[in-house]
Amino acid sequence: MVDGVLSLNKIIDHATKEKKECSIFKVDFQQAYDCVNWHFLISLFQKFGFSVNWCKWMESCVFNSSMSILVNGNPTKDFWVERGPRLGDPLSPFLFTLVAEGLAILVQKDAHSGRFKGYKLKENLEVRILQFADDTMLVGNGCWGNLRSIKTIIKGYELVSELKVNFCKSKVYNINLEEYFLERDSQFLCCCSDTLPLKFLGISVGINPRRCNSWTSFVISLKKRLSSWKARGIRFMLGKGDTVPLWHGIWLGGSALKHMFPSVFNIPRRPNDMVREMGDTLLEKPVTMLEAMEFVEILANVKPMDMVQDDFKWWPVAGGVFTLKRCYHLFRDRLEEDVVDANKLMALYQFWKTQVPSKLKVFGWRVILDILPSKMQLAKRGIIRNEQDKMCEFCGVVVEDLNHLILSCLLSKNV
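Residues numbered from 1 in each chain as written. Predicted model: local features only at pLDDT ≥ 70, side-chain atom pairs only at ≥ 80, totals over all residues. Heavy atoms only, no water.

1. Comments concerning the overall build of the protein
Part 1 of the argument: When helices and strands are tallied, the protein shows 16 helices and 17 strands.
Part 2 of the argument: Counting every position in the protein, which comprises 415 residues, the buried fraction comes to 35%.
Part 3 of the argument: Taking all contacts inside the protein whose residues are at least 6 apart in sequence as the whole, residues at least 24 apart take part in 58%.
Part 4 of the argument: Put simply, the protein shows about 25,600 Å² of open surface, and 56% of that area lies on carbon and sulfur atoms. (Helix = DSSP H or I, 4+ residues; strand = E, 2+ residues; numbered from the N terminus. Buried < 20%, exposed > 50% of the residue type's maximum accessible area, 1.4 Å probe, protein only. Contact = heavy atoms within 4.5 Å. Areas by Shrake-Rupley, 256 points an atom, 1.4 Å probe, with all protein chains shown as cover.)

So, in structure tokens, the structure goes:
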């Protein structure tokens, strides 16, 4: 992910310094995960040389799937999915990567035939396309031939994959090209034109990354996300108090104030205030409750510091610095405290050391701990209440638990 951002920033920086012409087309796919044609996906499996058994396995996992919708907590009847990998499915990002590779192959084919000319960083290094899931950037020289090639590639890709490009949200950017060429680009591609900097994968690109103010918007966005993150390990360290949520943040003690003083939380008219914004309007009703008096007494000792920025601290470590190693050991210790079977613990430790992608490791953990959303697990959570609905979706004979779904079902054995 970061490699794509750095590569695009390098291209823009190189074009600006060398005063070379460059055109960037930012592609926006409309409902990317929902529109993929399954026949196109199967043909990609075959073209990439996957085995027949593997293709059947994918067809069973993806193409024979059903889903239901929770309405006021009650599930509707299951209906069959007819297209697209399911958003949120652990397999979906990997499958969509194969779908996106189809676009890269079309670009490469046009480049080899001479119709599309990418941007040359060096004599033997040419960049044509940057992709991460459904975020796509087409990069090339600013010439009329490239525009025709891009439009042909996009239209052809839409026809075979049934993915739709949202031209209203797609944008074209030009570097060291005349203004009239930018207008001609946007008119020919039926998209919007814009100026640098641009956003790729949520990060601003086209500005000097060495300057602190270049990362201001990213830091603010990250702080807002952490402010709403209800993880137990995160604590706010109070400074100015302008980014610390008064009621919802964990900054005073081990819990949020709305949980420590629930009766008082119902009083203020502004429950989303930051600590710095608390004042005389905090309690607009007469304080007669013992809980409210204790609340006011505690806040009387809170003094935001104008010259100190708010910060975050990870409480399990004395220094407050988060590390993956410490987080792993913390979860492992909690697993041992929860009295997990010794054989399962050994399997978890061995599986975690295997050289497989992290998402497969997480999936393996869920299998070993039996927390995948099988129908038996959904029944335990109260989502499925009818006994008949607990039966396996494929054979309809046995209750669908994890062992049956992965090992015993006839469909699983055939795969």
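2. Observations concerning helix H6 (residues 179-189)
Part 1 of the argument: For H6, every residue scored as buried is listed here: Phe181, Leu182, Asp185, Ser186 and Leu189. Within H6, the buried residues cover an arc of 135° as seen down the axis, which keeps them to one side. Residues of H6 that are exposed and point more than 90 degrees away from the buried face comprise Glu179, Tyr180 and Gln187.
Part 2 of the argument: Immediately downstream of H6, the backbone of Cys190 shows phi near 60°, a positive value. (Arc of directions from axis to C-beta.)

3. Describing the pattern of salt bridges
Part 1 of the argument: Applying the stated rule across the entire model yields 8 salt bridges.
Part 2 of the argument: Lys17 is paired through a salt bridge with Asp13; the nearest N and O atoms lie 3.4 Å apart. Within this pair, Lys17 and its partner Asp13 are both found in helix H1 (residues 2-18), separated by 4 residues, close to a single helical turn. (Salt bridge = Lys/Arg side-chain N within 4 Å of Asp/Glu carboxyl O.)

4. Thoughts on the confidence of the model for the protein
Part 1 of the argument: For the protein, mean pLDDT is 78; residues scoring 70 or higher make up 85% of the total.
Part 2 of the argument: Of the regions scoring below 50 in pLDDT, residues 280-287 engages in 14 contacts with residues more than four places distant in sequence or in other chains. (pLDDT = per-residue confidence, 0-100.)

5. Thoughts on the pairing of strand S9 (residues 129-132)
Part 1 of the argument: Sheet analysis places S9 next to strand S10 (residues 135-140), joined by 4 bridges and oriented antiparallel. When the bridges of S10 are listed, Gln131 appears paired with Thr136.
Part 2 of the argument: The antiparallel pairing of S9 with S10 creates a hairpin that spans 2 residues between the two strands, and Ala133 there sits at a positive phi of about 55°. (Pairing = 2+ DSSP bridges.)

6. With respect to the environment of Val264
Part 1 of the argument: Inspection of the secondary structure puts Val264 in helix H9 (residues 262-265).
Part 2 of the argument: Taking the C-alpha atoms as reference points, Val264 and Val296, 32 residues apart in sequence, are found 9.8 Å from one another.

7. Describing the nonpolar core
Part 1 of the argument: Counting residues in hydrophobic clusters, the biggest one holds 38 residues, and the most contacted among them are Phe25, Phe45, Leu138, Ile154 and Leu163.
Part 2 of the argument: Every element with two or more residues in this core is listed here: strand S1 (22-27), helix H2 (38-47), helix H3 (52-63), helix H4 (92-112), helix H5 (144-161) and H6.
Part 3 of the argument: Not counting residues up to four positions away in its chain, the partners in contact with Leu138 are Ser23, Ile24, Phe25, Val27, Val107, Arg128, Ile129, Ile150 and Ile154.
Part 4 of the argument: Ranked by size, the runner-up nonpolar core spans 20 residues in total, among them Ile11, Val139, Phe200 and Ile203. (Core = buried A, V, L, I, M, F, W, Y, C linked by side-chain atoms within 4.5 Å.)

8. Digging into the packing of aromatic side chains
Part 1 of the argument: Per the stated rule, a full pass over the model turns up 6 aromatic pairs.
Part 2 of the argument: Between Phe40 and Tyr157, the ring centres sit 6.3 Å apart and the planes meet at 85°, which makes this aromatic pair edge-to-face. On the criterion of sequence distance, the pair formed by Phe40 in helix H2 and Tyr157 in helix H5 is long-range, its members being 117 residues apart. Each member of the pair, Phe40 as well as Tyr157, carries the same accessibility label: buried.
Part 3 of the argument: Feature note: the residues Phe29, Phe40 and Tyr157 constitute an aromatic cluster, connected by ring pairs.
Part 4 of the argument: We note Lys20 situated over the ring of Tyr119; from NZ or CZ to the ring centre the distance is 4.9 Å.
Part 5 of the argument: The ring of Phe94 carries Lys359 above its face, with NZ or CZ at 5.7 Å from the centroid. (Phe/Tyr/Trp six-rings, centres within 6.5 Å; stacked < 30°, edge-to-face > 60°. Lys NZ or Arg CZ within 6 Å of the ring centre and 35° of its normal.)

9. What to know about the sheet that holds strand S13 (residues 192-193)
Strand pairing in a sheet is mediated by backbone hydrogen bonds. Such pairs are either parallel or antiparallel.
Part 1 of the argument: With respect to topology, 5 strands assemble into an open sheet ordered S9-S10-S1-S12-S13, the strand pairing being mixed. If you trace the sheet from one side to the other, it starts and ends with S9 and S13, each paired once.
Part 2 of the argument: Relative to strand S12 (residues 171-175), H6 is tilted by about 155°, and along the sheet it contacts S1, S12 and S13. (Axes fitted to C-alpha atoms, helices over the stretch in contact; angles between N-to-C directions.)

10. Topic: a nonpolar patch on the surface
Part 1 of the argument: There is a patch of nonpolar side chains on the surface, built from Met67, Ile69, Val71 and Phe79 and spanning about 330 Å² of accessible area.
Part 2 of the argument: Among the secondary structure elements, Ile69 is positioned in the loop between strand S3 (66-67) and strand S4 (70-71). (Patch = residues over 30% accessible without salt bridge, like charges linked within 9 Å, V, L, I, M, F, W, Y side chains within 5 Å.)

11. A short note on the environment of Met293
Part 1 of the argument: Checked against the element boundaries, Met293 lands in helix H10 (residues 290-299).
Part 2 of the argument: In this structure the C-alpha to C-alpha distance between Met293 and Val264, which are 29 residues apart in sequence, comes to 9.5 Å.

12. Brief notes about the state of the cysteines
Part 1 of the argument: Enumeration according to the criterion identifies 0 disulfides in this entry.
Part 2 of the argument: Just so you know, Cys392 is unpaired, no disulfide at all, and the nearest cysteine sulfur is the one on Cys395, 3.8 Å from it. (Disulfide = S-S within 2.5 Å.)

13. Quick look at a negative patch on the surface
Part 1 of the argument: On the surface, a cluster of negative charge is made up of Glu21, Glu178, Glu179 and Glu183.
Part 2 of the argument: Among the residues examined, Glu21 registers a relative accessible area of 43% and is labelled partly exposed. (Lys, Arg positive; Asp, Glu negative; His and termini not counted. Charge placed at Lys NZ, Arg CZ, Asp CG, Glu CD.)

14. Topic: the packing of H5 against H6
Part 1 of the argument: Packing of H5 against H6 brings their axes to within 10 Å, and their N-to-C directions diverge by 20°. In terms of orientation, H5 lies roughly parallel with respect to H6. H5 and H6 meet at a crossing whose hand is right-handed. Contacts between H5 and H6 involve Trp144, Leu147, Arg148, Ile150 and Lys151 from the first element and Phe181, Arg184, Asp185, Phe188 and Leu189 from the second.
Part 2 of the argument: By residue class, the composition of the contact of H5 with H6 is 6 nonpolar, no polar and 4 charged. (Parallel < 35°, antiparallel > 145°, perpendicular 65-115°, else oblique. Left-handed = near helix turned anticlockwise from the far one by under 90°. Nonpolar A, V, L, I, M, F, W, Y, C, P; charged D, E, K, R; others polar.)

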